[in-house]
Amino acid sequence: MALMRGVGQSLRLFGGDSRSAIQVALYHKNVIDHYENPRNVGSMDKKDKDVGTGLVGAPACGDVMKLQIKVDDDGKIVDAKFKTFGCGSAIASSSLATEWVKGKSVDEAIKIKNTDIAKELSLPPVKLHCSMLAEDAIKAALSDYKIKNKKD
């Protein structure tokens, strides 16, 4: 039953009687894995100069994503956390994004693209905005970190 979730895009299947319909949502196993077992859920102190916070939202669907990174003195992302209010694809995109940024330099992390996230999760076209939110959250967190650590 794991593939039959009430979140995301629906497919109407008709039985013998055309008046009865069953709604079934089919997600790729990677989305289900990150949705059921999200990685790096939580928060960091946004006042910490080593922490960059990105808060983004999609008014059309109501998804809101907060992604935070912690950067060491060498410019390497040593930790990442997220909190997302949204559908399974938004949660999965956030979870994957935190996994991907960890261990990367600030310059490497900025190169993570929504198309890579969407491909890894096999997101359908109607859910691409979730991967775009994740990319935007990464960029916003990196920007916040850079502003806090701007050399005068």
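Residues numbered from 1 in each chain as written. Predicted model: local features only at pLDDT ≥ 70, side-chain atom pairs only at ≥ 80, totals over all residues. Heavy atoms only, no water.

Along its length, the protein carries 5 helices and 5 strands. Overall, the protein shows an N-to-C arrangement of helices and strands of β-β-α-β-β-β-α-α-α-α. Taking the contacts inside the protein whose residues are at least 6 apart along the sequence as the reference set, 57% of them involve residues at least 24 apart. A total accessible area of about 8,600 Å² is found for the protein, and carbon and sulfur atoms account for 54% of it. (Helix = DSSP H or I, 4+ residues; strand = E, 2+ residues; numbered from the N terminus. Contact = heavy atoms within 4.5 Å. Areas by Shrake-Rupley, 256 points an atom, 1.4 Å probe, with all protein chains shown as cover.)

Bringing the packing of helix α1 (residues 29-36) against helix α2 (residues 88-101) into the picture now. The contact between α1 and α2 brings their axes to 8 Å, and the two run at 80°. Looking at the two axes, α1 sits roughly perpendicular to α2. Residue-level inspection shows Val 31, His 34 and Tyr 35 of α1 in contact with α2, the latter providing Gly 88, Ser 89, Ile 91, Ala 92, Ser 95, Leu 96 and Glu 99. (Axes fitted to C-alpha atoms, helices over the stretch in contact; angles between N-to-C directions. Parallel < 35°, antiparallel > 145°, perpendicular 65-115°, else oblique.)

Moving on, we come to the packing of helix α4 (residues 114-121) against helix α5 (residues 128-148). As a packed pair, α4 and α5 sit with axes 8 Å apart at the nearest point and diverge in direction by 130°. On the basis of the axis angle, α4 is oblique to α5. Considering the relative orientation of α4 and α5, their crossing is right-handed. Mapping the contact onto sequence places Asn 114, Ile 117 and Ala 118 in α4 and Leu 128, Ser 131, Met 132, Ala 134 and Glu 135 in α5. (Left-handed = near helix turned anticlockwise from the far one by under 90°.)

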